[in-house]
Protein chains: 2
Amino acid sequence: MNLVLITSGGTTVPLEKNTVRFLDNFSTGSRGSISAEYFLEQGYAVVFMHREVSDCPYACSPRLIPLNSYLCRLFNLYRKADEEGTLLQLGFTSVHEYLFMLKHVCQALQPAGERAMIYLAAAVSDYFIPDHLMEEHKIQSGSDNLNICLTPTPKCLSLLKKTWCPRAVVVSFKLETDESILMKKATGAIEKYKVDCVVANILKKRFDEVCLAVATCVNDGG
Amino acid sequence: MNLVLITSGGTTVPLEKNTVRFLDNFSTGSRGSISAEYFLEQGYAVVFMHREVSDCPYACSPRLIPLNSYLCRLFNLYRKADEEGTLLQLGFTSVHEYLFMLKHVCQALQPAGERAMIYLAAAVSDYFIPDHLMEEHKIQSGSDNLNICLTPTPKCLSLLKKTWCPRAVVVSFKLETDESILMKKATGAIEKYKVDCVVANILKKRFDEVCLAVATCVNDGG
C-alpha cells in the first residue's frame, strides 16, 4: 500500500508563553482535507497532520457541503477509512508543535522509501519567536507603539529531502497575492529545497486556478 | 423591555491589505454567547456583536454541550428568540470592523437611556496597524528578522460614556495572566473610563473564578 503524509491548516506563532496573543494566517485547511479524501479513495493510507481547529477529511466546513444528501455518503466513507485503519489524524496548533511533529512523522515514514509521499499543504508561519525571546506574561498595553521582532522559522524543507525521509516524493505549496512573482518563487523552491513538485496559487484565485512547477529529472538515456 | 448590547469573541489585526497574516487572540466567544442566552432568558432584547467564527447563542461549540438532549432545548430556545425578534446578531472580523460597528450600534441605543446595558465581553486587540502603514501584498519571507510595528488601538471605552451612549450601564472585562496586577488594572479601568463594572479574570482560572470591580456611587443622603 502507498502512504501519504498530508499537512493541513495554518500554524500559530505565540507572542507570550502564557499565550493570549498569537500570529495566525487565514488557512481553513479545506485543500488539505479534500486532498486527504481523494488520496483515501485512491487506496492510499493517509497520515493527516492538521491544525486542531481546521477542516478534517469527511468533516469539512458546512460551506463546502452543497447538499444534505452528501452527509450520508461522507459518513460512510469516514467509517470505511476508520474501520480499515487507513486514516491517522494528528493535531497541532503552534509552529513549534508542527515542526516537532513533522520531523518525527517523516522519520517514521523513512522505511516506506519511494512508496511514501509528503504533501505539504499546511500554511506554516515563515516567522516565529524562539522560546528564549518570548515574553512570559501577556504583553501589557500602553500608549507607546509595540514592536514585535520575529525570527525566520527554521526551514525544514531541505532537511526533509536530505535526512528525514530522502526517498519520499515531496509536494509543496506556494501561496502569493502578487502574480508577477508566483512562478519564480515556485521554481525557486524546487531548486533550493529539491522538492519534486510545487503547487502554486494566487490568494484570490485559489479556488479556480492552480499552477504546477515540476522538477525535471535528467535520465541517462534510459 | 430592557436592551443589552453584548460584544463577543476576539478581533483580528491584519498585517497586509491582501490579508494572509493577522494577529489574533485565543478568545472563543463562549462567555459572550452564554451571557447572551442568560440575558434572553431574563427577558432582555439582545444585540449580539460577535466575531464571525466564534460561538453564538444556542449554537456554542460541541465541547460545551455535555449531553445530546440539550440540543433540543437549545433549538427551541433559539426558535423562541428568533420568533419574538429579541436577538439581533451582527458579525465582525478585524478590529477596524469592530470599532466602526460598536460606535454605530451604541449611538442607535442612545434613545433607550438607562434601559440599555453595554456588556463588552469581546477580546479587542490593544494594538493594530493603521491603513496607511499597512503593506499592500503578503510580506515576503527572507533570512532577516521581521519587525512589526503596532500602534495602540484608539480607546473607545471613554467615548462610549462621554458621547456615544452616556446613560447606558457599561460592563467591561479585563483578562490578565499575572494575578498580582489584575485588581489594580480592573479598578484602574473604572477610574479611567468611568465604566460601571469590570469583570476581572485570570487566564488559567477563568472558568472557575471571577473577580468583580464595581463603581461606587456617591449619593446625596438619599
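Residues numbered from 1 in each chain as written. Chains lettered and ligands numbered in written order. Predicted model: local features only at pLDDT ≥ 70, side-chain atom pairs only at ≥ 80, totals over all residues. Heavy atoms only, no water.

Chain A has the name DNA/pantothenate metabolism flavoprotein C-terminal domain-containing protein in an unreviewed UniProt entry, where Guillardia theta is given as its organism. One UniProt comment on chain A, placed under Sequence similarities (unreviewed entry), says "Belongs to the PPC synthetase family." (UniProt positions renumbered as here; feature names shortened; annotations may be inferred.)

Caption draft 1: Representation of the overall build of chain A. Each helix and strand in chain A was counted, giving five helices and 11 strands. Since a compact globule built from 222 residues should have a radius of gyration of about 17 Å, the 19 Å found for chain A is in line with a globular shape. For the C-alpha atoms alone, the extent of chain A along its principal axes is close to 60 × 50 × 35 Å. Expressed as a percentage of the 222 residues in chain A, the buried residues total 50%. A fraction of 73% describes how many contacts in chain A between residues 6 or more apart in sequence connect residues 24 or more apart. Of the roughly 11700 Å² that chain A leaves accessible, carbon and sulfur atoms contribute 55%. Each charge class in chain A can be summarised by its mean position, and for the 23 positive and 24 negative side chains these summaries are 3 Å apart. (Helix = DSSP H or I, 4+ residues; strand = E, 2+ residues; numbered from the N terminus. Rg over C-alpha atoms; globule rule 2.2 N^0.38 Å. Buried < 20%, exposed > 50% of the residue type's maximum accessible area, 1.4 Å probe, protein only. Contact = heavy atoms within 4.5 Å. Areas by Shrake-Rupley, 256 points an atom, 1.4 Å probe, with all protein chains shown as cover. Lys, Arg positive; Asp, Glu negative; His and termini not counted. Charge placed at Lys NZ, Arg CZ, Asp CG, Glu CD.)

Caption draft 2: Looking closely at the relation of the copies chain B and chain A. Overlaying chain B on chain A yields an RMSD of 0.1 Å, the required transformation being a rotation through 180° with an accompanying axial translation of 0.0 Å. Expressed as a symmetry operation, the mapping of one chain copy onto the other fits a two-fold axis. Among all residues of chain B, the minimum C-alpha distance to the rotation axis is found for leucine 23 of chain B, at 2.2 Å. In this assembly, 100% of the residues forming the interface of chain B have copies in chain A that are likewise at the interface, indicating an isologous arrangement. (Least-squares fit on C-alpha atoms with pLDDT ≥ 70 in both.)

Caption draft 3: Local environment of the packing of aromatic side chains. Residue and element names in this part refer to chain A. Counted by the stated rule, this structure contains 10 aromatic pairs over all chains. Look at phenylalanine 39 and tyrosine 44: their rings are 5.0 Å apart centre to centre, the planes differ by 75°, and that puts the pair in the edge-to-face class. For phenylalanine 39, a relative accessible area of 9% puts it in the buried group. By way of ring pairs, the aromatic residues Tyr38, Phe39, Tyr44, Tyr119 and Phe173 are connected into one cluster. (Phe/Tyr/Trp six-rings, centres within 6.5 Å; stacked < 30°, edge-to-face > 60°.)

Caption draft 4: Highlighting the UniProt feature "domain: DNA/pantothenate metabolism flavoprotein C-terminal" (unreviewed entry) in chain A. The feature "domain: DNA/pantothenate metabolism flavoprotein C-terminal" (unreviewed entry), as given by UniProt, occupies residues 112–205 of chain A in the numbering adopted here. Between the first and last C-alpha atoms of residues 112–205 of chain A the distance is 36 Å; the span itself is 24% helix and 30% strand.

Caption draft 5: Structural detail: the nonpolar core. In this structure, Leu102 and Ile118 of chain A together with Leu102 and Ile118 of chain B are the most contacted members of the largest nonpolar core, which totals 90 residues. In contact with leucine 102 of chain A, not counting residues within four places along its chain, are Leu5, Thr7, Met49, Leu120, Cys156, Leu160 and Trp164 of chain A. (Core = buried A, V, L, I, M, F, W, Y, C linked by side-chain atoms within 4.5 Å.)

Caption draft 6: View of unusual backbone geometry. The backbone phi angle of lysine 194 of chain A is positive, close to 60°, even though this residue is not glycine. With respect to the element layout, lysine 194 of chain A can be found in the loop between helix 5 (179–193) and strand 10 (197–202).

Caption draft 7: Up close: the interface of chain B and chain A. With 35 residues of chain B at the contact, the number on the chain A side is 35 residues. Between chain B and chain A, the buried area comes to about 3300 Å², and carbon and sulfur atoms account for 51% of it. Counting across the interface, chain B meets chain A through two salt bridges. Close ionic contact of arginine 21 of chain A with aspartate 126 of chain B constitutes a salt bridge, the shortest N to O distance being 2.4 Å. (Buried area = accessible area lost by both parts, 1.4 Å probe. Salt bridge = Lys/Arg side-chain N within 4 Å of Asp/Glu carboxyl O.)

Caption draft 8: Layout of the pairing of strand 3 (residues 21–25) of chain B. Among the five residues of strand 3 of chain B, five are classified as buried, and the element is accordingly described as predominantly covered. Pairing analysis gives five bridges linking strand 3 (residues 21–25) of chain A to strand 3 of chain B, with the strands arranged antiparallel. The residue of strand 3 of chain B that forms the bridge with leucine 23 of chain A is leucine 23 of chain B. From the end of strand 2 (residues 13–14) of chain B to the start of strand 3 of chain B, which pair antiparallel, there are six residues. (Pairing = 2+ DSSP bridges.)

Caption draft 9: Examining the sheet that holds strand 2 (residues 13–14) of chain A more closely. Spatially, the four strands line up as an open sheet ordered 2(A)-3(A)-3(B)-2(B), and their pairing is antiparallel. Two strands lie at the open edges of the sheet, namely strand 2 of chain A together with strand 2 of chain B, each paired on one side alone. Of the pairings in the sheet, the one linking strand 2 of chain A to strand 3 of chain A comprises two bridges and is antiparallel in character. Bridge assignment links valine 13 of chain A to a residue of strand 3 of chain A, and that residue is leucine 23 of chain A.

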